[in-house]
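Observations on the model geometry
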Amino acid sequence: MIPTKPSEAIWTDEQWKAIYAEGQDILVAAAAGSGKTAVLIERLIQKVLAPEDKRIDVDQLLVVTFTNASAAEMRNRMAEALEKAIAKDPHNQFLRRQLSLIGKAQISTLHSFCLSICRQYAYMIDLDPGFRIASQDEVALLRDDVLAQVLERAYGEKDAAFTQDEVYRLVDSFTSDRSDQQIEKLIEQLYEMSRVQPNPYAWLRTLPNAYDLADDVTVDDLPFVKDLKKSIEHTLLAARKNLQEMQKFAVLDFGLTAYAQVAAEEEAFVRVALENIQQGSWQNLYDHMQKANWVRMPTVKKADNADEYAKKVAKDHRDMAKDLVKTVKDTFFVRSPEHLVKEIRDMKPIIETLVKLTIAYSEAFKATKLERGLVDFSDLEHYALEILTEKNEDRLLASSVEQDFQARFKEVLVDEYQDVNMLQETILQLVKSGGESDGNLFMVGDVKQSIYAFRLAEPRLFLRKYKTFLPSPHNTGMKIDLNANFRSRQEVLNSTNYVFSQVMDEKVGEINYDDKAALKFSASYTPENVPVELVILDESNANDTSYQEETDEEQEIEEIGRAQQEARYIIKRIQHMMDQGYQVYNPKDKTSRPIRYSDIVILMRSMKWSADLAEEFKAAGIPLYAESSKGYFDTLEVMIMLNLLKVIDNPYQDIPLASVLRAPFIGLNENELAAIRLAKRNGPYYEALKTYLAEDGGSIRVETRQKLEKFMLQLSEWRSAARRGSLADLIWDIYLKTNYYEMVGAMVNGKQ
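Quick caveat: nothing in here was measured; it's all calculated off a predicted structure. (Residues numbered from 1 in each chain as written. Predicted model: local features only at pLDDT ≥ 70, side-chain atom pairs only at ≥ 80, totals over all residues. Heavy atoms only, no water.)

**Some thoughts on the packing of aromatic side chains**
- With the rule as written, the count across this model stands at 19 aromatic pairs.
- Ring centres 5.1 Å apart and planes at 40 degrees place the aromatic pair Phe66 and Tyr452 in the tilted group. Of this pair, Phe66 sits in the loop between strand 2 (61-65) and helix 3 (68-88) while Tyr452 sits in the loop between strand 9 (441-445) and helix 18 (459-468), and the two are 386 residues apart along the sequence.
- Accessibility expressed as a relative area gives 35% for Phe66, which makes it partly exposed.
- Ring plane angle 65 degrees and centroid distance 6.1 Å describe the contact between Phe113 and Phe409, whose orientation is recorded as edge-to-face. Here Phe113, found in helix 5 (residues 110-121), pairs with Phe409, found in the loop between helix 16 (400-408) and strand 8 (411-414); they are 296 residues apart in sequence, far enough to count as distant. Taken individually, Phe113 and Phe409 each receive the classification buried, so the pair is uniform in this respect.
- Ring pairs connect the aromatic residues Phe113, Tyr121, Tyr123, Phe405 and Phe409, which therefore count as one cluster.
- When the ring centre of Phe131 is taken as reference, the NZ or CZ atom of Arg119 above it lies at 4.1 Å.
- Between the NZ or CZ atom of Lys369 and the centre of the ring of Phe365, over which it lies, the distance is 4.0 Å. (Phe/Tyr/Trp six-rings, centres within 6.5 Å; stacked < 30°, edge-to-face > 60°. Helix = DSSP H or I, 4+ residues; strand = E, 2+ residues; numbered from the N terminus. Buried < 20%, exposed > 50% of the residue type's maximum accessible area, 1.4 Å probe, protein only. Lys NZ or Arg CZ within 6 Å of the ring centre and 35° of its normal.)

**A word on the pattern of salt bridges**
- This structure, assessed with the given rule, holds 46 salt bridges.
- The salt bridge partner of Lys312 is Asp316, with a shortest N-O separation of 2.9 Å. With a gap of 4 residues between them, Lys312 and Asp316 both fall in helix 13 (residues 308-332), about one helical turn apart.
- On the basis of relative accessible area, Lys312 is assigned to the exposed category, the value being 51%. (Salt bridge = Lys/Arg side-chain N within 4 Å of Asp/Glu carboxyl O.)

In structure tokens:
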């Protein structure tokens with residue numbers, strides 16, 4: 001029974017329902033910025049603070065998060081809530097007990113939960129209790145070694161599971177005569193896909209069945225053809241759209257009426273192909289695609305006074321349509337339907353061999369890890385599943401451990417449920433109680449944010465429940481939609497909803513971006529107009545003379561890459577906002593203040609350009625913190641110190657020596673470095689430096705000589721200190737004598 005929401009409650013009706021609903025499995029579809037984490041934590045707290053007849057201990061909750069950071073946040077916020085409750089009721093022994101149990105509460109990632117199962121019950125399976133988790137690099141090296149050994153045994157006919165002829169036929173089918181790398185990739189991909197299945201070997205052994213076709217089977221009877229037709233349909237729809245765009249330009253106003261007939265005929269061809277996908281057979285579609293014939297575009301006469309820009313755009317649309325149709329034809333319609341079915345039948349023994357090789361590789365890899373006392377994250381899940389179940393042929397039955405967990409956990413809460421895979425779902429179903437209509441599984445996620453399909457996450461688990469669960473359930477689970485957004489301004493949400501309503505539907509994203517999916521503005525921002533902008537930096541304008549009068553920077557645009565162009569534009573906008581004293585509104589205390597650099601965040605598609613961005617910001621004097629993909633040791637300031645240590649170890653290293661001489665604490669310029677090399681054109685740069693200093697006469701500037709003589713003296717001292725003392729003492733001595741530590745600390749973002 002959901003309690004009545006008081007009038008002063010800060011929660012929305014849907015959030016209140018998500019906090020207190022119980023009695024069945026519950027799926028919360030929580031959109032971005034909808035307060036998902038706050039709701040989840042409040043639900044945990046209320047489970048503990050409930051009336052005496054309903055309250056539960058914190059260690060009776062299983063909370064599965066996606067990251068360790070999320071788990072730590074939930075644990076801390078639960079502890080804070082318990083401390084506040086104890087402050088109001090200091091003599092409550094139950095609350096004090098919960099605070100002492102918070103460290104034992106099972107709030108963790110699923111891998112950590114599986115690890116705890118394996119540690120506790122390792123004696124039940126063939127697992128050394130002293131195992132350790134292998135690093136990714138260690139696993140990669142082991143996999144390469146094991147796979148090479150498995151293939152070597154297969155080629156030498158030392159494995160009874162398959163003959164040498166079967167292996168050679170498999171290799172001939174997928175590789176060239178130069179390398180068997182493609183077979184290695186196939187085995188590893190198949191192995192990875194099998195590892196997210198509850199029973200990997202049973203799943204692998206079913207794969208050849210798809211190639212076992214009866215004599216009367218046609219392409220239309222194949223189970224994957226429906227999805228294949230959808231894919232082809234999407235491509236042809238894009239081609240048709242391009243041809244329709246072309247037709248808009250094939251009119252008298254643009255002087256391109258000569259294109260009209262070609263555009264109409266080609267659009268009609270694509271339209272018929274789409275009709276065959278919807279209503280015809282694969283044979284009909286194959287026959288039609290053989291008629292694809294892209295004629296040469298008609299010549300536009302000078303008398304037509306054609307618009308050259310319109311002409312180019314029309315041709316571009318036609319070329320894109322042509323490429324799309326050609327791709328479909330070359331990919332799917334080179335072979336006749338009869339030939340395709342025959343090839344699928346012929347593939348069955350080849351796939352059987354591939355499956356056998358994958359199983360052999362899996363067994364060998366497992367044995368190697370057991371021998372070394374190693375496990376990887378996938379092993380943790382499979383070993384946990386093995387502990388929780390008992391095998392009866394290919395069926396999984398409940399073990400006593402599973403029953404113990406079901407009795408222990410009064411509720412199982414899962415965050416980011418859209419990124420769960422089949423194996424993880426099986427484990428969760430084993431530790432929860434009841435079915436969907438009377439269970440204790442609480443799932444939170446947003447299928448629109450499912451980005452881990454490449455890690456074999458299964459968002460369709462979420463989608464199935466979203467489509468079958470009901471807001472007011474009867475014999476099923478409960479569905480709750482949280483789409484009120486408390487994070488963003490109205491303008492941001494309007495733009496986001498507009499874009500996604502155009503591009504996301506059930507065909508493309510497996511979910512319709514309808515009113516339930518759209519983000520609803522619920523934040524308390526001031527109602528001012530802050531438009532969302534799309535800025536396009538046009539590289540073609542770099543050589544446009546009309547832009548030359550603006551600034552010298554436009555003339556340099558060819559010399560900098562796209563990352564620098566974007567960075568410089570962003571810098572201009574930031575500087576303008578700072579100069580104008582742009583006001584930032586805080587919705588929590590409803591006050592405004594001038595913008596600070598720390599109010600601004602730059603989101604990037606990837607961190608590939610982060611170093612270039614950081615350099616531009618540094619040059620502009622704007623403090624920037626970036627999670628650089630290059631890492632700490634690749635930053636310029638650290639590389640200079642590393643190069644100095646290399647020179648101290650061995651001065652006959654040209655590039656590190658040149659880097660040090662160019663460093664701020666010595667400060668030679670390019671001309672001085674070139675003069676040193678001219679002193680001795682051949683040989684190590686260190687010898688050239690000594691020759692340069694030994695020269696008589698006034699060819700060396702006094703200032704340059706002083707810099708170099710001081711460096712050579714310090715280098716001698718540091719080389720001596722390196723042999724006698726510790727590395728830490730040497731580095732600190734370098735900092736003191738060069739003032740490099742203070743120099744770097746005084747730079748923009750020096751603290752970082």
